[in-house]
Amino acid sequence: MIATETRSMYDDARRAMIDSQLRTSGVNDPVVLARMASVPREEFLPENQRAAAYSDRAQRLPDGGALPAPLFHGMMLAEARPNAQDRVIVVDGGSGYVPALVGPMVAALETVGAADAAAGKVRDKSATLLLIDGAVEHLPSALVKKLPEGLRVVTGLVDRGVSRLAAGRKAGSALGLVPLAEIGVPRLSAFDREASWSF
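Small disclaimer: the values here were computed from a predicted structure and weren't measured.

Here's the deal with the overall build of the protein
Step number 1: Along the protein, the regular secondary structure elements total six helices and eight strands.
Step number 2: Sequence-ordered secondary structure for the protein, helices as α and strands as β, is α-α-β-β-α-β-α-β-α-β-α-β-β-β.
Step number 3: Expressed as lengths along the three principal axes of its C-alpha atoms, the size of the protein is roughly 60 × 45 × 30 Å.
Step number 4: Buried residues in the protein amount to 48% of all 199 residues.
Step number 5: Excluding contacts between residues fewer than 6 apart, the proportion of contacts in the protein whose partners are at least 24 apart in sequence is 52%.
Step number 6: In the structure as shown, the protein presents an accessible area of about 9,900 Å², 52% of it carried by carbon and sulfur atoms.

Here it is as structure tokens:
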């Protein structure tokens with residue numbers, strides 16, 4: 001009985017997330033809403049944090065990772081529009097939530113940790129979409145070199161302490177990111193720029 005009541009509580013919270021956080025912020029793509037309604041966020045948090053799974057704040061994980069707020073994930077998927085032909089690389093922020101969201105939507109999925117991704121340790125040479133579950137200061141050249149021409153990127157981007165949703169596409173040897181909307185996203189330190197001296 002307790003398990004049933006708890007499941008009902010999470011189901012109600014998931015519906016409230018859709019109606020009160022996503023729809024009211026302009027995330028109305030039915031495919032995105034259906035995926036976010038079907039994947040239980042609470043299963044990607046430790047038991048003592050599950051009550052906060054549907055709050056509008058990021059949740060820090062005990063191992064140093066994070067589960068960003070639902071709105072970031074909704075905006076990310078709405079911008080990326082993953083489809084059945086996409087081969088996707090997900091840079092996981094530590095929760096495993098984005099791979100679970102995206103996996104059933106696409107042709108192939110590679111999940112890689114932030115440190116490995118920043119070092120260019122990605123395998124899929126024919127990937128069409130890169131999703132980064134967190135905010136980066138930049139995309140290191142070690143990673144950009146491994147990404148194929150035309151690949152789309154959706155990520156968080158942090159600049160002078162402000163994080164935004166950002167998107168880009170690889171053209172030639174360059175991959176630029178265009179900021180789209182200000183939104184709080186946990187920073188992935190593996191993607192920090194190296195400190196430089198100035199005189």
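What about the nonpolar core?
Step number 1: Formed by 37 residues in total, the largest nonpolar core has its most connected members in M36, V102 and L131.
Step number 2: Breaking this core down by element, the ones donating at least two residues are α1 (2-22), α2 (30-38), α3 (70-80), β3 (87-92), α4 (97-102), β5 (129-136), β6 (152-159) and β7 (162-171).
Step number 3: A total of five residues in this core trace back to one element, the largest contributor, which is α3.
Step number 4: Counting 22 residues, the second largest nonpolar core, distinct from the first, contains I89, V136, V153 and L157.

So, the sheet that holds β6
Step number 1: Judged by pairing direction, the sheet is mixed, and its six strands sit side by side in the order β4-β3-β5-β6-β7-β8 without closing on themselves. The open sheet terminates on both sides in strands that have one partner only, identified here as β4 (108-113) and β8 (174-182). Averaged over all pairs of adjacent strands, the angle between strand axes in this sheet comes to 25°, irrespective of strand direction.
Step number 2: Across four bridges, the pairing between β3 and β5 is parallel. Bridging across to β5, V90 finds its partner in L131.
Step number 3: In this fold α3 packs onto β5, β6, β7 and β8, with an angle of close to 150° to the strand it touches most, β5.

Comments concerning the pairing of β6
Step number 1: Most of β6 is tucked away: seven of the eight residues are buried.
Step number 2: Inspection of the sheet shows β5 paired to β6 by five bridges, in the parallel sense. For V136, the partnering residue across the bridge sits in β6 and is L157.
Step number 3: Counting the residues that bridge the hairpin from β6 to β7 gives two residues, and of these R160 lies at a positive phi of roughly 50°.

Overview of the environment of D159
Step number 1: Of note, D159 is situated in strand β6.
Step number 2: The class for D159 is partly exposed, based on a relative accessible area of 35%.
Step number 3: A sequence separation of 58 residues divides D159 from L101, and the C-alpha atoms of the two residues are 27 Å apart.

Looking at α3
Step number 1: Along α3, eight of the 11 residues are buried, which leaves the element largely enclosed by surrounding structure.
Step number 2: Those residues of α3 that fall on the buried side of the exposure criterion are P70, F72, H73, G74, M75, M76, L77 and A80.
Step number 3: Note on α3: the residue one or two positions beyond its end, R81, has a positive phi of about 50°.

About the criteria used
Residues numbered from 1 in each chain as written. Predicted model: local features only at pLDDT ≥ 70, side-chain atom pairs only at ≥ 80, totals over all residues. Heavy atoms only, no water. Helix = DSSP H or I, 4+ residues; strand = E, 2+ residues; numbered from the N terminus. Buried < 20%, exposed > 50% of the residue type's maximum accessible area, 1.4 Å probe, protein only. Contact = heavy atoms within 4.5 Å. Areas by Shrake-Rupley, 256 points an atom, 1.4 Å probe, with all protein chains shown as cover. Core = buried A, V, L, I, M, F, W, Y, C linked by side-chain atoms within 4.5 Å. Pairing = 2+ DSSP bridges. Axes fitted to C-alpha atoms, helices over the stretch in contact; angles between N-to-C directions.

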